[in-house]
Amino acid sequence: MSRAILRATALAACALSVACQGPQSMLGTNNPGGQSVEGLWWIALASTGFLSTVVILALGYAVVRARRAGRSGPDHPAPDVDGIQRESSVILIAGALGPALFLIGFLTLSVDTGQEISRPPSPPTLTVEVVGHMFWWEIRYPEAGVVTANELHIPAGETVAVQVTSADVIHSFWIPQLSPGKIDMVPGRTNLTWMLADEPGTYRGQCTEFCGTQHALMSMRVVASPPEDFERWLDRRTQAPEVPSDLELRRGLSLFSQYGCDACHRIRDVTLLDLIGTAGPDLTDVGARSTLGALAVENTPETLGRWILNPHVYKPGVRMPPTDLSEEDLAALVAYLRSLDP
Ligand code: CUA
């Protein structure tokens, strides 16, 4: 019995502790919105912890008292009517009035925090559009005309306005360290939020609305760079990739159309179906991206080759079908895709 309790306690402790650290923790952020949410979270934890303790103690007291009363047998003294009335009013106050007051107070604080985090801390210097897809993120910089996927680059120290929507089902956008909270991505509707990275660095985001088999592998990397580095990053992507002069790479490009990759994937100003191929991620800068399949696996020539042959190895349930390229064709296609590095 004691072993079972020990195991259950260890399991509960693990489950509780994983949420408190790591790249997706919302605790200890430098972000003003995140700090407000964290403040509210601590108040909720302390107050509900206190209330739970009081309730458990009261329950324990009631059990012990009932047992003692039972043990005294049928000869115990007649019930104390005044005492019962006194206890009834305690139950009324502690069981109904107390929770009602607590909930009203907590609701007021929540509404207050919600209003506070809905306002960006400073006027945004950049707007990005993020479109949720099953199971990846389309990222657009409308002012620069740049489209990429799964890797969101932003200038550090500046507020960024984020407009989110979805191309299929409901997803939810959340970068715990940078954004003030989760925001739903709803088809046919644009929701607004903001994000701010105080420090340059790499952060992690996650879809937080169950959207299908690959919901858990719908993650995002956010790279915050010093503003001048970010401008350079964005500027390099405003030019479309050139058609390669190298013969092998050229063959890779023709295979891209031959195998119908361009029916789903766009390469800016290169693919013929420039406006149609948006079912899968835009590949204009795929050679520069650090992961494949929305953080499913690191992006290397080997993983890219394996992904093209059968992406389900890395991401079961992904919408991209397997292919049957020969070894030579695969090598040419991988070489071409890897060359898409602005
Ligand atoms: Cu997208 Cu869960």
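Just so you know, these numbers come straight off a predicted model, no measurement behind them.

## Here's the deal with the overall build of the chain
Inference 1: The secondary structure content of the chain amounts to seven helices and 12 strands.
Inference 2: Taking 20 Å as the expected radius of gyration for a compact globule of 342 residues, we find that the chain reaches 28 Å, considerably beyond that expectation.
Inference 3: Considering only C-alpha atoms, the chain reaches an extent of 100 × 50 × 35 Å along its principal axes.
Inference 4: For the chain, restricting intrachain contacts to residue pairs at least 6 apart in sequence, the fraction spanning at least 24 positions comes to 61%.
Inference 5: A total accessible area of about 19,100 Å² is found for the chain, and carbon and sulfur atoms account for 62% of it.
Inference 6: Seen as two clouds, the 25 positive and the 36 negative side-chain charges of the chain have centres 10 Å apart.

## Concerning the domain arrangement of the chain
Inference 1: Domain assignment breaks the chain into domain 1 (32-118), domain 2 (126-237) and domain 3 (247-338).
Inference 2: Measuring from the centre of the C-alpha atoms in domain 1 to the corresponding centre in domain 2 gives 41 Å.

## So, the nonpolar core
Inference 1: Of all hydrophobic cores here, the largest spans 35 residues; its most connected members are W137, Y141, L152, I154, F173, M195 and V222.
Inference 2: Elements supplying a minimum of two residues to this core: β1 (126-133), β2 (136-141), β3 (146-149), β4 (151-155), β5 (159-166), β7 (183-185), β10 (219-225) and α4 (227-236).
Inference 3: Top element by residues in this core is β2. It accounts for four residues.
Inference 4: With residues near it in sequence (within four places) discarded, I154 still touches V160, L178, M195, A197, V222, V223, A224, S225 and F230.
Inference 5: Judged by nonpolar contacts, the second largest core, of 22 residues, contains L330, L333, L337 and L340.

## Overview of the sheet that holds strand β9 (residues 201-206)
Inference 1: Strand order in the open sheet made by the three strands is β4-β10-β9, with mixed pairing throughout. This sheet does not close on itself; its edge strands, each paired only once, are β4 and β9. Each neighbouring strand pair of the sheet contributes to a mean axis angle of 25°, computed without reference to strand direction.
Inference 2: Across five bridges, the pairing between β4 and β10 is parallel. For P155, the partnering residue across the bridge sits in β10 and is S225.
Inference 3: On the sheet, α4 packs against β4 and β10 and is oriented at approximately 135° with respect to β4.

## Looking at helix α3 (residues 81-118)
One full turn of an α-helix is made of 3.6 residues, so residues set three or four places apart face in the same direction.
Inference 1: Given a rise of 1.5 Å per residue, 38 residues ought to cover 56 Å, and the 54 Å separating the end C-alpha atoms of α3 matches this to within 8%.
Inference 2: At L97, α3 shows its maximal kink, close to 30°; a proline, P99, follows between one and four residues later.

## Looking at the pairing of β1
Inference 1: Counting buried positions along β1 gives seven out of eight residues, so the element sits mostly inside the fold.
Inference 2: Where β1 meets β5, seven bridges bridge the pair, whose relative direction is parallel. The residue of β5 that forms the bridge with L126 is V160.
Inference 3: The pairing of β1 with β2 spans five bridges and is classified as antiparallel. Across the sheet, residue E129 finds its bridge partner in β2, namely R140.
Inference 4: Where β1 hands over to β2, the hairpin turn is made up of two residues, counted between the paired strands.

## Regarding helix α6 (residues 301-309)
Inference 1: Within the sequence span of α6, burial applies to T303, L304, G305, W307 and I308.
Inference 2: Buried residues along α6 sit in contact with β11 (291-292), β12 (297-298) and α7 (327-338).

## Some thoughts on the packing of aromatic side chains
Inference 1: Tallied over the full model, the rule gives seven aromatic pairs.
Inference 2: Between F102 and F106, the ring centres sit 5.9 Å apart and the planes meet at 10°, which makes this aromatic pair stacked. Residue F102 and its partner F106 are both found in helix α3; the two are separated by four residues, about one turn of the helix.
Inference 3: On the basis of relative accessibility, which here comes to 26%, the residue F102 falls in the partly exposed class.
Inference 4: We classify F106 as partly exposed; its relative accessible area is 22%.

## Description of the sheet that holds β5
Inference 1: If you walk across this open sheet you meet the five strands as β3-β2-β1-β5-β8, and the pairing is mixed. Sheet topology places β3 and β8 (191-196) at the edges, where each strand pairs with a single neighbour. For this sheet, the mean angle separating the axes of adjacent strands, direction not counted, is 25°.
Inference 2: Here α4 sits on the sheet and contacts β1, β2 and β3; the angle it forms with β2, its principal contact strand, is near 100°.

## Re the packing of α6 against α7
Inference 1: Relative orientation of the contacting elements α6 and α7 amounts to 120°, with a least axis distance of 10 Å. Between α6 and α7, the angle is such that the two are oblique. For the pair α6 and α7, the sense of crossing is right-handed. Seen from α6, the contacting residues are P301, L304, G305, I308 and L309; seen from α7, they are L330, L333, V334, L337 and R338.
Inference 2: Within the contact of α6 with α7, the residues separate by chemical class into eight nonpolar, one polar and one charged.

Basis of the calculations
- Residues numbered from 1 in each chain as written.
- Predicted model: local features only at pLDDT ≥ 70, side-chain atom pairs only at ≥ 80, totals over all residues.
- Heavy atoms only, no water.
- Helix = DSSP H or I, 4+ residues; strand = E, 2+ residues; numbered from the N terminus.
- Rg over C-alpha atoms; globule rule 2.2 N^0.38 Å.
- Contact = heavy atoms within 4.5 Å.
- Areas by Shrake-Rupley, 256 points an atom, 1.4 Å probe, with all protein chains shown as cover.
- Lys, Arg positive; Asp, Glu negative; His and termini not counted.
- Charge placed at Lys NZ, Arg CZ, Asp CG, Glu CD.
- Domains from an automatic or database assignment.
- Core = buried A, V, L, I, M, F, W, Y, C linked by side-chain atoms within 4.5 Å.
- Buried < 20%, exposed > 50% of the residue type's maximum accessible area, 1.4 Å probe, protein only.
- Pairing = 2+ DSSP bridges.
- Axes fitted to C-alpha atoms, helices over the stretch in contact; angles between N-to-C directions.
- Expected span 1.5 Å × (residues − 1).
- Bend = angle between axes of the 7 residues up to and from the residue.
- Phe/Tyr/Trp six-rings, centres within 6.5 Å; stacked < 30°, edge-to-face > 60°.
- Parallel < 35°, antiparallel > 145°, perpendicular 65-115°, else oblique.
- Left-handed = near helix turned anticlockwise from the far one by under 90°.
- Nonpolar A, V, L, I, M, F, W, Y, C, P; charged D, E, K, R; others polar.

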